[in-house]
Amino acid sequence: MRQVIVHRDEDGYWIVECPSLKGCVSQGKTKEEALINIKEAITGYIAALAEDALPIPAIIRNAEV
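First, a word on scope: everything that follows refers to the structure included in this document. Along each chain, residues carry numbers from 1 onward, in the same order as the chain's sequence is written. Restriction of local features to residues with pLDDT of at least 70 applies here, the model being predicted, together with a cutoff of 80 or more for giving and counting side-chain atom pairs; totals for whole chains, interfaces and linings are based on all residues. Where side-chain values are given, they derive from all heavy atoms of the structure, hydrogens and water being excluded.

### Some thoughts on the sheet that holds strand 3 (residues 25-28)
Strand-to-strand pairing in sheets goes through backbone hydrogen bonds, with the strands running parallel or antiparallel. Heads up, the condition is: Only strands that DSSP links by at least two bridges are regarded as paired with each other. Strands are runs of DSSP state E lasting at least two residues, helices are runs of H or I lasting at least four, and both sets are numbered from the N terminus onward. Angles here are taken between N-to-C directions and fall from 0 to 180 degrees, while the axes themselves are lines fitted to C-alpha atoms, restricted in helices to the stretch in contact. Two residues form a contact once any of their heavy atoms are found within 4.5 Å.
Here 3 strands make up an open sheet; going across it, the order is 1-2-3 and the pairing antiparallel. A single partner strand is all that each edge strand has here, and the edge strands are strand 1 (5-8) and strand 3. For this sheet, the mean angle separating the axes of adjacent strands, direction not counted, is 20 degrees. Where helix 1 (residues 31-51) meets the sheet, its contacts fall on strand 1, strand 2 (14-17) and strand 3, and the angle it forms with strand 3 comes to roughly 150 degrees.

The following block contains the structure:
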């Protein structure tokens, strides 16, 4: 499981970022929707890396934010 950071933006949407996957960000109208969306984004990100034979970044367990 990858660490994610969840916060609300000024419009009330939930934003979720995955620090171990640069640029992997998603959003949702609810926190639950945003978490579902980031799981899909992470899966797609890793699949794209694998398809291009690129290294998959290690999981960051205790990132300082």
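### Concerning helix 1
Let me state the cut-off plainly: Here a helix's expected span is defined as the number of its residues, less one, multiplied by 1.5 Å. Exposure categories follow from relative accessible area, calculated using a 1.4 Å probe and restricted to protein chains: below 20% of the type maximum is buried, above 50% is exposed, and the middle band is partly exposed. Each C-beta atom gives one direction from the helix axis, and the arc is the one those directions make.
Taking 1.5 Å per residue as the helical rise, helix 1 with its 21 residues ought to reach 30 Å, and the 30 Å between its terminal C-alpha atoms agrees with that figure. Of the positions making up helix 1, those classed as buried are Ala34, Ile38, Ile42 and Leu49. Burial along helix 1 is one-sided: seen end-on, the buried residues are contained in an arc of 80 degrees. Exposed residues pointing more than 90 degrees away from the buried face of helix 1 are listed as Glu32, Lys39, Glu40, Thr43 and Glu51. Residues of helix 1 that are buried sit in contact with strand 2 and strand 3. Once helix 1 ends, the next one or two residues include Ala53, with phi positive near 55 degrees.

### Some remarks on the environment of Leu54
Assignment of secondary structure puts Leu54 in the segment after helix 1. On the basis of relative accessibility, which here comes to 44%, the residue Leu54 falls in the partly exposed class. Separated by 20 residues in the primary sequence, Leu54 and Ala34 have C-alpha atoms spaced 27 Å apart.

### Looking at the nonpolar core
Rule in force here: Within this scheme, the nonpolar core is defined by two criteria: the residues are buried Ala, Val, Leu, Ile, Met, Phe, Trp, Tyr or Cys, and they are joined through side-chain atoms within 4.5 Å.
Counting 8 residues, the largest nonpolar core is built from Trp14, Val16, Cys18, Leu21, Cys24, Ala34, Ile38 and Ile42. Among the elements of the structure, strand 2 and helix 1 are those that each provide at least two residues to this core. It is helix 1 that provides the largest number of residues to this core, a total of 3 residues. Among all residues touching Val16, those that are not within four sequence positions of it are Val4, Ile5, Val6, Cys24, Val25, Ser26, Ala34, Leu35 and Ile38.

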